[in-house]
Amino acid sequence: MLVATGLTKSYGDVQALRGADLDVTSGQIVALLGKNGAGKTTMISIIAGLLKADSGTVMLDGFDAQRDLDRASKLIGIAPQLTGIYGVLTVRENLEFFANLAGVPRSQRVAEAVSVAERLGLTELLDRGAGKLSGGEQRRLHTGCALVHQPKLLMLDEPTVGADVATRAQLIDFVRESAEAGSAVIYTTHYLNEVEALDADIVIIDDGQVLARGTRDELVEQHRMQGVEFAMVEDLPPEVVERLGATTTDASTYRIADDIPVGELVGKLGPLSDQLLSVETIRPDLESVFLAVTGDRLTGAEEGST
Ligand code: ATP
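Below you will find a few notes about this structure.

Criteria and cut-off values
Residues numbered from 1 in each chain as written. Predicted model: local features only at pLDDT ≥ 70, side-chain atom pairs only at ≥ 80, totals over all residues. Heavy atoms only, no water. Salt bridge = Lys/Arg side-chain N within 4 Å of Asp/Glu carboxyl O. Helix = DSSP H or I, 4+ residues; strand = E, 2+ residues; numbered from the N terminus. Buried < 20%, exposed > 50% of the residue type's maximum accessible area, 1.4 Å probe, protein only. Near = heavy atom within 4 Å. Polar contact = N/O pair within 3.5 Å; in protein donor to acceptor, adjacent residues only side chain to side chain. Areas by Shrake-Rupley, 256 points an atom, 1.4 Å probe, with all protein chains shown as cover. Nonpolar A, V, L, I, M, F, W, Y, C, P; charged D, E, K, R; others polar. Pairing = 2+ DSSP bridges. Axes fitted to C-alpha atoms, helices over the stretch in contact; angles between N-to-C directions. Contact = heavy atoms within 4.5 Å.

1. Looking at the pattern of salt bridges
Between side chains of opposite charge, a pair can form as their charged atoms come close.
Working step 1: Evaluation of the coordinates by the stated rule reveals 14 salt bridges.
Working step 2: In this structure, the salt-bridge partner of Arg 67 is Asp 64, at a minimum N-O distance of 3.1 Å.
Working step 3: For Glu 287, the salt bridge is made with Arg 255, and the minimal N-O distance between the two is 3.6 Å. Pair noted here: Glu 287 is in helix H11 (residues 286–294) and Arg 255 is in strand E13 (residues 253–256), with a separation of 32 residues, a long-range link.
Working step 4: Overall, Glu 287 belongs to the buried group, its relative accessible area being 17%.
Working step 5: Under the relative-accessibility criterion, Arg 255 is labelled buried at 6%.

2. A word on the site of the ligand
Working step 1: Taken together, 14 residues lie near the ligand, and Gly 37, Lys 40, Thr 41, Thr 42 and Gln 81 sit nearest.
Working step 2: Gly 37 has a polar backbone atom sitting 2.8 Å from an oxygen atom of the ligand.
Working step 3: Thr 41 places a polar side-chain atom, nitrogen or oxygen, 2.7 Å from an oxygen atom of the ligand.
Working step 4: For the ligand, whose free accessible area comes to 640 Å², the fraction covered by protein is 62%.
Working step 5: If you list the elements that add at least two residues to the shell around the ligand, you get strand E2 (14–24) and helix H1 (40–47).
Working step 6: A class-by-class count of the residues in the shell around the ligand yields 4 nonpolar, 7 polar and 3 charged.

3. Re the sheet that holds strand E10 (residues 209–214)
Paired through backbone hydrogen bonds, the strands of a sheet run either parallel or antiparallel to each other.
Working step 1: Spatial strand order, E6-E7-E8-E3-E9-E10: 6 strands in an open sheet with mixed pairing. Edge positions in the sheet fall to strand E6 (76–79) and E10, since each of these pairs with one other strand and no more. Adjacent strand axes in the sheet meet at a mean angle of 15°, parallel and antiparallel pairs treated alike.
Working step 2: Pairing between strand E9 (residues 201–206) and E10: 5 bridges, direction antiparallel. Among the inter-strand pairings, Ile 204 is bridged to a residue of E10, identified as Ala 212.
Working step 3: Sitting on the sheet, helix H8 (residues 216–223) touches E9 and E10, and the angle it makes with E10 is about 110°.
Working step 4: In this fold H11 packs onto strand E3 (29–33), E9 and E10, with an angle of close to 35° to the strand it touches most, E9.

Structure, rendered in structure tokens:
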């Protein structure tokens with residue numbers, strides 16, 4: 001469905017993409033993972049034709065999407081990070097408006113709007129002004145507007161930010177259903193538990209380049225970090241972190257890539273070992289894969305986020 005090759009993009013001095021490739025087939029969900037500023041939004045904006053690449057190609061169903069934006073826009077649905085719904089329009093009017101923009105014939109718009117609202121749990125709210133929806137309801141509507149024309153390629157940029165547990169679960173189910181119905185899906189998120197729930201193929205991007213791709217199990221097998229994680233009462237001085245060869249994962253929490261015994265860690269910490277709160281062996285999970293691949297500290301705001 002999508003084959004993007006060698007994408008590069010600079011904003012002035014900032015090289016946001018440095019030759020990134022991405023392909024997705026129909027029915028496949030690809031989760032795009034990367035730290036803040038890795039280049040995820042830039043990549044999907046280029047694929048969606050919202051931004052022009054400096055170089056590289058975007059082939060959609062065999063045609064050059066960058067040369068035929070009209071044709072591409074009919075195949076693509078994108079929900080950017082910031083919600084783009086119209087507060088003065090009702091839920092129904094928003095859905096019909098975006099269906100119209102995507103070229104859905106008038107005769108089908110009403111039915112499509114009702115169908116999407118039903119799948120996203122918005123039926124009762126169809127005639128309410130979108131500005132009077134809760135944050136989670138607005139998120140659902142925003143996602144609904146991206147796919148009211150049944151796109152063959154659906155791109156969702158952090159769709160669950162600010163959504164509660166129920167809305168998240170609903171959006172995840174919805175994404176899975178869309179893939180099962182044949183859409184190719186690109187899903188960016190910082191929540192690793194969502195990636196697991198989607199059973200997505202994972203692409204890790206860092207500094208504008210794709211560093212790894214595979215299923216969760218493949219990546220865990222290839223890249224899992226052996227070692228220990230330990231927490232201190234207070235932050236360690238930077239020179240000690242460096243001497244230990246540790247990476248910082250959270251406030252006063254560190255990882256060492258060697259599976260060293262506790263006694264050895266205590267010895268290496270010297271007098272600072274008085275401040276040692278806990279030591280754990282690192283589990284072979286997606287978070288340790290992400291750390292091993294990007295080789296840097298986590299930047300997410302909650303557990304299970306990148
Ligand atoms: P996040 O997880 O924070 O959404 P991201 O992976 O989506 O990040 P991008 O938004 O693609 O990252 O940004 C990639 C790089 O390009 C960053 O260094 C960012 O600061 C920079 N950048 C993005 N948009 C612009 C812009 N309009 N002007 C200048 N620099 C930009």
